[in-house]
Amino acid sequence: MMYSDILSAQTLVLYFQSVGIKNIVISPGSRNAPLTLSFTKNPFFKCFSIVDERCAGFFALGMAQQLKEPVAVVCTSGSALLNYYPAVAEAFYSDIPLIVVSADRPSHKIDIGDGQTIRQDNVFERHIGYSANLKQDVEHARNAILNNGDSQETIQKYNTKELETALNIAFKEKAPVHINIPFEEPLYGSVETSKVEITGVKKPIKADPKIENLQELSSIWNTSKRKIILVGVNPPNTVSAEVLEILANDDSVLVFTETTSNLHHPNFFPSVDSIIAPIEKSENSNELFKALQPDLLVTFGGLIVSKKIKAFLRKYQPKSHWHIDSKKAYDTFFCLSNHIKVAPGYFFESILPKNCVLNSQYRSQWNTIKNVYESKRDAYLKQIGFSDFSVFNQVQQSIPKEYQVHLANSSTVRYNQLFPMDASLKVYCNRGTSGIDGSTSTALGGSIYSKAPTLLITGDLSFFYDSNGLWNNYIKSDFRIIIINNSGGGIFRILPGKENTVEFDTFFETTHQHKANHLAKMYGFSYDKAASEKELINCLTEFYETSKNPKILEVCTPRLENNNILLDYFDFIS
């Protein structure tokens, strides 16, 4: 075993080991050499080398998302640290325990003109669970440091306490934390035996909270004849099949899900926009919206994709809105009445045994409308040409069972909402900040420990934006990417403000003619391309077969037709 000869580096590495933080994503640098040497020479840790810190942050985030445990990223000093910020923000809003460890210059060398030096302490202040600013050892490089009088023993106690606080928050709150650790040169010294002992440390475990006002909540539940359960981003297997069955067969309940909800039942309503859009276009929209307006709204999971359901519930607010989450509750619809701080599965298992059967036509009424739009969607697909709309339908039908599926943001996740996904698929998307910047890297990180193959469905801008994500040595042969390339940011042709001008094409849609074939060749992917329905069907027949190399399928769709086909769909089902 080899350790850095710097005690603070020994302390951090051994503390991580003591609480079971095993996966370390390291970006190259010199200032972080004491950490890199200590992590990589310890067989307990699984270390990954990712050059681009922005990609490294999302790669670690994808891994932590799947493992449901902290994963650390380690970088050198200077601007390297700032490149983690997009992943830190996503982790903050998605409750993912990403641990950022940054090596720093000694404090007396900040803001004096030293190279590769910035103000690193508290740099993520607005989007972090905790910032631990460790103190510099005084036993290392004694001739080079400026000591403010602290003894090594005092520094050791302080650093250990800071590490304990940060990691407790990462484990218990599922929040990102930042640990900044200053090192003085020399940086590459090593010892075979650590001078630091970490004892009595256990992995932090959050206590199970209880529902304090269950009787009051049961009374509201049992007197609400119109209940909507709306589920946002939600990991698979969070609610039991028994609970889902009860909710699905309750005539007073509508369960609205999104693709990212990972909840399925034939009686659920998986395409929210296909319910709301026809009402928006109806002459008696106010009457229909009032008929849909719930007495009680129950939400759980992360952020909601659909703008239409948000607009509806903000205008036609329920009498009560409960959000179920052990950590936080957003007042998304401006009518939050209860934050129930337990896991969703536990809540429903507690309240449903007290459930009273209500005489309600709520579900049957809207189920009829759901059946109508589903039949109309099938009819519409038969009459349209090759487009984003038809491609997403074809792609989603093609995905083999049990795959892990990652969705890029923007158009990809929105189109995906319109078509059914097989219940065996596990679906993920970075909806915390909804950015396009790390979709590929997140999917790659998520694939590392997945027993099932992984598929990333992405748009062209998202793919090219994060193309450095392919620059790593950990891409499995069963990793698949489908790029829907509509030659720009096609979503801007759907949003208000579309116009046929050079300025719109250049600064909003950002049109281009790039293709992914050269990137595929550079990073060792097999590559195929489809530009028609027939070509797409042919490509998909072999796309998922076992192969030596990972694969990219690029599907090129007509830029100027896609938006009209999508908007006409909502007219058609109305």
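Position numbers for residues count from 1 along each chain, tracking the sequence in the order it is written. Only residues with pLDDT of at least 70 get local features here, since the model is predicted, and only at 80 or more are side-chain atom pairs given and counted; chain-wide, interface and lining totals rely on the full set of residues. As a rule here, side-chain values come from all non-hydrogen atoms in the structure, and water together with hydrogens is ignored.

Q: I keep staring at the pairing of strand 4 (residues 71-75) and nothing clicks. Help me out?
A: As a general feature of sheets, a regular strand has side chains that alternate between the two faces. Note on exposure labels: buried denotes an accessible area under 20% of the residue type's maximum, exposed denotes more than 50%, and partly exposed covers the range between, all computed with a 1.4 Å probe on protein chains only. For helices the rule is a DSSP run of H or I covering at least 4 residues; for strands it is a run of E covering at least 2, with both sets numbered from the N terminus onward. The element strand 4 is extensively covered by neighbouring structure, given that five of its five residues are classed as buried. Judged by which residues are buried, strand 4 turns out to be covered on both faces: Val71, Val73 and Cys75 on one side and Ala72 and Val74 on the other are all buried. Across three bridges, the pairing between strand 2 (residues 23-26) and strand 4 is parallel. By the bridge assignment, Ile24 is partnered in strand 4 with Ala72. Clockwise travel from the first strand over the helix to the second, with the strands pointing away from the viewer, marks a crossover as right-handed. For the crossover from strand 4 across helix 4 (residues 85-94) to strand 5 (residues 98-104), the handedness is right-handed. Criterion used throughout: strands pair if DSSP finds at least two bridges between them.

Q: Teacher, can you tell me more about a nonpolar patch on the surface here?
A: Where nonpolar side chains cluster on the molecular surface, the patch consists of Phe492, Leu495, Phe507 and Phe508 and spans about 400 Å² of accessible area. When you line up the elements, Phe507 lands in helix 17 (residues 502-507). Each patch groups residues whose relative accessible area exceeds 30% and which form no salt bridge, using 9 Å between like charges and 5 Å between nonpolar side chains of Val, Leu, Ile, Met, Phe, Trp and Tyr. Each accessible area is a Shrake-Rupley result for a 1.4 Å probe, and residues are judged covered by the shown protein chains and nothing else. Salt bridge, as applied in this entry: a Lys or Arg side-chain nitrogen positioned within 4 Å of an Asp or Glu carboxyl oxygen.

Q: So what exactly am I meant to see when it comes to the sheet that holds strand 12 (residues 320-324) here?
A: Remark on secondary structure: sheet strands pair via backbone hydrogen bonds, oriented parallel or antiparallel. A sheet is described by the order of its strands in space; here five strands give the open sequence 10-9-11-12-13, paired in parallel fashion. A strand with exactly one partner marks an edge of an open sheet, and here the two such strands are strand 10 (253-256) and strand 13 (338-340). Going from strand to strand, the sheet's axes swing by 20° on average, the running direction of each strand aside. Inspection of the sheet shows strand 12 paired to strand 13 by three bridges, in the parallel sense. To define axes, lines are fitted to C-alpha atoms, for helices over the stretch in contact only, and angles between the resulting N-to-C directions are given on a 0 to 180 degree scale.

Q: What is the right way to read the packing of helix 1 (residues 7-19) against helix 2 (residues 33-40) from this model?
A: The relative placement of two packed helices is expressed as an angle between their axes plus a distance between the axes. At their nearest, the axes of helix 1 and helix 2 sit 9 Å apart, and the two run at 40° to each other. Of the possible angle classes, the one that applies to helix 1 and helix 2 is oblique. Between helix 1 and helix 2 lies a crossing whose hand is right-handed. Listed contacts from helix 2 to Ala9, Leu12, Val13 and Phe16 of helix 1 are Pro34, Leu35, Ser38 and Phe39. Between 65 and 115 degrees an angle is taken as roughly perpendicular, under 35 as roughly parallel, over 145 as roughly antiparallel, and anywhere else as oblique. Each helix crossing is assigned a hand: it is left-handed if the near helix lies turned anticlockwise from the far helix by less than a right angle, otherwise right-handed if that turn is clockwise. Residues are treated as being in contact if the distance between any of their heavy atoms lies within 4.5 Å.

Q: I'm lost on the side chain of Ser387 in this one. Help?
A: Within the secondary structure, Ser387 is located in the loop between helix 12 (362-383) and helix 13 (388-398). What makes Ser387 buried here is its relative accessible area of 0%. Beyond its immediate stretch of four places on either side in the chain, Ser387 contacts Thr557, Pro558, Asn562 and Ile565.

Q: Mind showing me how you'd approach the packing of helix 1 against helix 5 (residues 152-173) here?
A: As a packed pair, helix 1 and helix 5 sit with axes 10 Å apart at the nearest point and diverge in direction by 35°. As for the relative orientation of helix 1 and helix 5, their crossing is right-handed in sense. Packed against helix 1, whose contacting residues are Leu7, Ser8, Thr11, Leu12, Tyr15, Phe16 and Val19, the element helix 5 presents Gln152, Gln156, Asn159, Thr160, Leu163, Glu164, Leu167 and Phe171 at the interface. Only Asp, Glu, Lys and Arg are considered charged in this grouping, and only Ala, Val, Leu, Ile, Met, Phe, Trp, Tyr, Cys and Pro are considered nonpolar; every other residue, Gly among them, is considered polar. A class-by-class count of the residues in the contact of helix 1 with helix 5 yields eight nonpolar, six polar and one charged.

Q: Explanation requested: the pairing of strand 12 in the structure shown.
A: Summarising burial for strand 12: five of the five residues are buried, a large majority. In strand 12, alternate side chains face the same way, and those of Ser320, Trp322 and Ile324 on one face and His321 and His323 on the other are all buried. In this sheet, strand 12 lies alongside strand 11 (residues 296-300) in parallel orientation, the contact comprising five bridges. When the sheet's bridge partners are listed, Leu296 is paired in strand 12 with Ser320. Handedness of the crossover joining strand 11 and strand 12 through helix 10 (residues 307-315) is recorded here as right-handed.

Q: What am I meant to see in the pattern of salt bridges here?
A: A pair can form between side chains of opposite charge whenever their charged atoms are brought close. Scanning all chains against the criterion turns up 14 salt bridges. Of the charged contacts in the structure, one is a salt bridge between Lys327 and Asp95, with a shortest N-O distance of 2.9 Å. In this pair, Lys327 sits in the loop between strand 12 and strand 13 while Asp95 sits in the loop between helix 4 and strand 5, placing the two residues 232 residues apart along the sequence. Under the relative-accessibility criterion, Lys327 is labelled partly exposed at 28%. Between Arg363 and Asp251 there is a salt bridge whose closest N-O contact spans 2.9 Å. Remark: Asp251 occurs in the loop between helix 7 (241-248) and strand 10 and Arg363 occurs in helix 12; sequence separation between them is 112 residues. Residue classification places Asp251 among the partly exposed positions, given a relative accessible area of 34%. What you see here is one network of salt bridges that share partners, running through Asp95, Lys327 and Lys328.

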